[in-house]
Amino acid sequence: TSTEASSIVEKWYPDTVNGVSTCSYGTDYSQSYDAYGWLYDDEVDENGEVIKSGEQKCCEDFNLSCRLKFIVKEDMWYPVYVNGERDCDYGNEYPSSYSVATEMLFDSEIECCQKFELSHCIPKEPAWFPKMNDDGSKACVYEVPPSELSSSLEFSEREDCCAMFAEACPTTTLPTTTTPRPAIETPP
C-alpha cells in the first residue's frame, strides 16, 4: 500500500547480492529489519561530520567482508575538533566521506593547517629569539621558534634580541696589549 511505501526510508541493511553477503543501501529491505535493529544510518558528530558510516556499522555488526573497504585506509592528515577547536590529526580514523578530492585528506600537516587556516600548526618563519643552551647559558639564536614561544620574544634582528636579553649575547673583549714578535735574524 502507499502508506507502507512512504514510511520506508533509505538505510543501510544486511543483504545478499549475487550470493555474497554484504550491506546495501536503499529501501529494498524487509520492514521486520527495523524491529531487529538491522537498519543503519551514518553516525555524525555535533558538527554534522560523519564519524562512522551506516555501511561500516552494518558490516561490522554482521562481520562481513565489506568491512575491508573502510578498515584499510591510508594514513593521512585530516581536520578534527578537539575540545571544540579545529585541529589536524594524522591516522586512518577519519570519516569515510573524507577524501583527497573533497579536500579533507592531506599528505602533510602543513597542507591541512593551511586549508583550514589553523595558525597554531603552520610553521613559523625563522627569527631571532633567546634560547637556553644545554649548559644553562642563554643565547640569541636564529631558527624557527617553537610554536609555544610568544611572538613578543621573536626579533627580526640579532641586535634587538641582544638589547632585550643582554645575558644571551655576552661580549668578548680582546686584550689591549700585544705580544712582541721575536726578532728575525737574517743570515750574513
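This one's a predicted model, so the numbers in the text were calculated from it and none came from an experiment.

### A closer look at the overall build of the protein chain
Then step 1. In terms of helices and strands, the protein chain carries 6 helices and 8 strands.
Then step 2. Ordered by position from the N terminus, the helices and strands of the protein chain form the series α-β-β-α-β-β-α-α-β-β-α-β-β-α.
Then step 3. Per-residue burial over the protein chain gives 29% buried out of 188 residues.
Then step 4. Across the protein chain, every contact between residues at least 6 apart in sequence was considered, and the portion connecting residues at least 24 apart equals 35%.
Then step 5. Taken as a whole, the protein chain presents about 13400 Å² of accessible surface, with 50% of it coming from carbon and sulfur.

### Here's the deal with the state of the cysteines
Then step 1. The full count for this structure, using the stated rule, is 4 disulfides.
Then step 2. Sulfur-sulfur distance for the disulfide between cysteine 88 and cysteine 112 comes to 2.1 Å. With the S-S dihedral at roughly -90 degrees, the linkage between cysteine 88 and cysteine 112 falls on the left-handed side. Of the two residues, cysteine 88 sits in strand S6 (residues 85–91) while cysteine 112 sits in helix H5 (residues 109–115), which places them 24 residues apart along the sequence.
Then step 3. Judged by its relative accessible area of 6%, cysteine 88 falls in the buried class.
Then step 4. The disulfide partner of cysteine 162 is cysteine 169, and the gap between their sulfur atoms is 1.8 Å. Taking the sign of the S-S torsion, -75 degrees for the link of cysteine 162 and cysteine 169, the bridge is left-handed. With respect to burial, cysteine 162 and cysteine 169 carry one shared label: buried.

### Details of the packing of aromatic side chains
Then step 1. Tallying each qualifying case throughout the model produces 11 aromatic pairs.
Then step 2. Seen in terms of ring centroids, tyrosine 13 and tyrosine 29 are 5.3 Å apart; in terms of plane orientation they differ by 55 degrees. Their pairing is tilted. Placement of the pair is tyrosine 13 in strand S1 (residues 11–17) and tyrosine 29 in the loop between strand S2 (20–26) and helix H2 (32–36), with a sequence separation of 16 residues.
Then step 3. Joined through ring pairs, the aromatic side chains of Tyr13, Tyr29, Tyr33, Tyr36, Trp38 and Phe62 make up one cluster.
Then step 4. It is arginine 86 that lies over the ring of phenylalanine 116; its NZ or CZ is 4.7 Å from the centre.

### Observations regarding the pattern of salt bridges
Then step 1. Using the criterion set out here, one finds 5 salt bridges in the structure.
Then step 2. A salt bridge links lysine 11 to aspartate 41; the shortest N-O distance between them is 2.6 Å. One end of the pair, lysine 11, is in strand S1; the other, aspartate 41, is in the loop between H2 and strand S3 (43–44), and 30 residues separate them in sequence.
Then step 3. Salt-bridge contacts for glutamate 60 lead to lysine 52; the nearest nitrogen and oxygen are separated by 2.8 Å.
Then step 4. On the basis of relative accessible area, glutamate 60 is assigned to the partly exposed category, the value being 27%.

### Things to note about helix H3 (residues 54–61)
In an α-helix, one full turn covers 3.6 residues, which means residues spaced three or four apart are oriented alike.
Then step 1. Every buried residue of H3 is listed here: Gly54, Glu55, Gln56, Cys58 and Cys59.
Then step 2. Asparagine 63 lies just past H3 and shows a positive phi near 50 degrees.

### Looking at the pairing of strand S7 (residues 127–132)
Then step 1. Pairing between S7 and strand S8 (residues 138–143): 6 bridges, direction antiparallel. The partner of alanine 127 across the bridge, within S8, is glutamate 143.
Then step 2. Between the antiparallel neighbours S7 and S8 lie 5 residues, among them glycine 136 with a positive phi of about 95 degrees.

### Some points on a negative patch on the surface
Then step 1. Together, Glu74, Asp75, Asp107 and Glu111 make up a negatively charged patch on the protein surface.
Then step 2. Structurally, glutamate 74 can be placed in the loop between helix H4 (68–71) and strand S5 (76–82).
Then step 3. Here glutamate 74 falls in the exposed class, since its relative accessible area comes to 57%.

### What to know about the environment of aspartate 107
Then step 1. Tracing the chain through its elements places aspartate 107 in the loop between S6 and H5.
Then step 2. When the C-alpha atoms of aspartate 107 and tryptophan 77 are compared, they prove to be 6.1 Å apart, with 30 residues separating the residues in sequence.

Rules used in this analysis
- Residues numbered from 1 in each chain as written.
- Predicted model: local features only at pLDDT ≥ 70, side-chain atom pairs only at ≥ 80, totals over all residues.
- Heavy atoms only, no water.
- Helix = DSSP H or I, 4+ residues; strand = E, 2+ residues; numbered from the N terminus.
- Buried < 20%, exposed > 50% of the residue type's maximum accessible area, 1.4 Å probe, protein only.
- Contact = heavy atoms within 4.5 Å.
- Areas by Shrake-Rupley, 256 points an atom, 1.4 Å probe, with all protein chains shown as cover.
- Disulfide = S-S within 2.5 Å.
- Phe/Tyr/Trp six-rings, centres within 6.5 Å; stacked < 30°, edge-to-face > 60°.
- Lys NZ or Arg CZ within 6 Å of the ring centre and 35° of its normal.
- Salt bridge = Lys/Arg side-chain N within 4 Å of Asp/Glu carboxyl O.
- Pairing = 2+ DSSP bridges.
- Patch = residues over 30% accessible without salt bridge, like charges linked within 9 Å, V, L, I, M, F, W, Y side chains within 5 Å.
- Lys, Arg positive; Asp, Glu negative; His and termini not counted.
- Charge placed at Lys NZ, Arg CZ, Asp CG, Glu CD.

These figures come from the coordinates and say nothing about function on their own.
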